[in-house]
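Residues per chain, in single letters:
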Amino acid sequence: MTLLLLIATTLGVSFLVTGVVRRYALRADRLDQPNERSSHVVPTPRGGGLAIVVATLAALTILVATNELPYQIYIALVGGGAFVAIVGALDDRRGLSAASRALVHFIAAGWVLFWLRGADELVGSIALTALEWIGLVWMINLYNFMDGIDGIAGGQAMFLGIGAWVLSPGSPPGIVGLIVCAAAAGFLPWNFPRARIFMGDVASGFLGLMFGAVAVLGVSLGTTTYWTWFVLIGVFGVDATVTLIRRVARGQRATQAHRSHAYQHVARRWGSHVRVTASVAAINALWLLPCAFVAHRGWLPGVVVVAIALAPLALLVWALDAGLDRA
């Protein structure tokens, strides 16, 4: 199967499965009820991100079966991704403690690192391993934090997938990025411009781990650097990080539910999810992707590009009261 056909099939499967999940959720009355912490006012089916997981894992299975994806990469992504998706689905259905979720996230991140880099390499670079482990867990959670308005998580997944391909076309990270992009694209019409179903934790954490793994894989293969990925995830990374730091500094629990991210404040001020999601897409395409390309080509030192790219975003989310509770 050609890559183009596989991408089209992945998109179609994701679209169809999302519709099936939505019908089931409506019949089973599995609706997300609006509350003081949500950014929605209408009860909406949840768990639609299951389609993203199913479509992605199916496509990866085809790639490894046709010898287009090394089995170590397949085992890393499918094992870690399925683990995170399962615990996310359980959390969507009945809720899990923060400790149990964290344990699963650390195990899944460790699984991904073991299969992508190997035991010898992990032991030989303890400091890097620790940072990558923490980074993968943070990616799982920041993606969950940022999945709060229509289309933003699916749109970000499409951007990161395209970015992975643009920076390393034809490589395993680029191919995996396009597959996840296609799965997100199939889900997105159900979630944007008006959410007829929510993604849920079943897919938000899964997407975070997938792109974290793509970053680790790209660095391991020498096709990209972490500086590049720091830029690509800029909108999600900066908003989630500034919000968490500000809330903890004010004595609030890191695990406490809230709606104080900058993008949530703006959505309420503008009265529009569409405008916020479109603005994020514009920042990604017009600012962060060119900056990532500069870092990738080595035209400026990576750390300098990261500072140039992310400093304005940090100032912006701070000015938008990220981490502060506002009516």
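Everything here concerns the structure above.
Heads up: these notes are all about the structure in this document. Computed from a predicted model, the values in this text were never measured in an experiment.

1. What to know about the overall build of the protein chain
- Along the backbone of the protein chain there are 14 helices and two strands.
- Since a compact globule built from 327 residues should have a radius of gyration of about 20 Å, the 19 Å found for the protein chain is in line with a globular shape.
- Its C-alpha atoms put the protein chain at 50 × 45 × 35 Å along the principal axes.
- Within the protein chain, buried positions represent 51% of all 327 residues.
- In the protein chain, the proportion of contacts linking residues at least 24 apart, taken out of those at least 6 apart, comes to 75%.
- Roughly 14,100 Å² of accessible area belongs to the protein chain as shown, and the carbon and sulfur atoms make up 69% of that amount.
- Taken as two groups, the 22 positive and 15 negative side-chain charges of the protein chain have centres that lie 8 Å from each other.

2. Examining the pattern of salt bridges
- Per the counting criterion, the structure on display carries four salt bridges.
- Note that Arg101 and Asp91 form a salt bridge whose closest N and O atoms lie 3.7 Å from each other. You can see Arg101 sitting in helix H4 (residues 98-117) and its partner Asp91 sitting in helix H3 (residues 71-94), a full 10 residues away along the chain.
- Using a relative accessible area of 23% as the deciding quantity, one classes Arg101 as partly exposed.
- By relative accessible area, Asp91 is classed as buried at 14%.
- One salt bridge connects Asp325 with Arg247, and the closest N-O pair in it is separated by 3.1 Å. Here Asp325, found in the segment after helix H14 (302-319), pairs with Arg247, found in helix H11 (residues 234-249); they are 78 residues apart in sequence, far enough to count as distant.
- Under the relative-accessibility criterion, Arg247 is labelled buried at 2%.

3. Digging into the packing of aromatic side chains
- Enumeration over the complete set of coordinates arrives at eight aromatic pairs.
- Measuring from centroid to centroid gives 5.8 Å for Trp227 and Phe230, while their planes differ by 80°, and the two rings are edge-to-face. One end of the pair is Trp227 and the other is Phe230, both in helix H10 (residues 226-232) and three residues apart, which spans about a single turn.
- For Trp227, a relative accessible area of 37% puts it in the partly exposed group.
- Relative accessible area serves as the criterion here: at 38%, Phe230 is assigned to the partly exposed category.
- Between Phe293 and Trp299, the ring centres sit 5.6 Å apart and the planes meet at 80°, which makes this aromatic pair edge-to-face.
- You can call Trp299 exposed: its relative accessible area is 53%.
- Here the aromatic residues Trp111, Phe114 and Trp115 are joined through ring pairs into a cluster of three or more.
- The ring of Trp318 has Arg246 lying over it, and the distance from NZ or CZ to the ring centre is 3.7 Å.
- Residue placement shows Arg275 over the ring face of Trp270; its charged tip is 4.4 Å from the ring centre.

4. Points about the side chain of Ser260
- Along the chain, Ser260 turns up in the loop between H11 and helix H12 (262-270).
- Take Ser260: its relative accessible area is 0%, and that puts it in the buried class.
- Beyond its immediate sequence surroundings of up to four residues, Ser260 is in contact with Thr243, Arg247, His265, Asp321, Ala322, Gly323, Leu324 and Asp325.

5. Things to note about unusual backbone geometry
- Cis geometry is found at the peptide bond from Phe192 to Pro193, where omega equals 10°.
- Relative to the elements of secondary structure, Pro193 occurs in the loop between helix H8 (172-187) and helix H9 (201-221).
- One non-glycine residue with positive phi stands out, namely Asn67, at about 60°.
- Note on placement: Asn67 falls in the loop between helix H2 (50-65) and H3.

So, how was this worked out
- Residues numbered from 1 in each chain as written.
- Predicted model: local features only at pLDDT ≥ 70, side-chain atom pairs only at ≥ 80, totals over all residues.
- Heavy atoms only, no water.
- Helix = DSSP H or I, 4+ residues; strand = E, 2+ residues; numbered from the N terminus.
- Rg over C-alpha atoms; globule rule 2.2 N^0.38 Å.
- Buried < 20%, exposed > 50% of the residue type's maximum accessible area, 1.4 Å probe, protein only.
- Contact = heavy atoms within 4.5 Å.
- Areas by Shrake-Rupley, 256 points an atom, 1.4 Å probe, with all protein chains shown as cover.
- Lys, Arg positive; Asp, Glu negative; His and termini not counted.
- Charge placed at Lys NZ, Arg CZ, Asp CG, Glu CD.
- Salt bridge = Lys/Arg side-chain N within 4 Å of Asp/Glu carboxyl O.
- Phe/Tyr/Trp six-rings, centres within 6.5 Å; stacked < 30°, edge-to-face > 60°.
- Lys NZ or Arg CZ within 6 Å of the ring centre and 35° of its normal.

Don't take any of this as a statement about function, it's just geometry.
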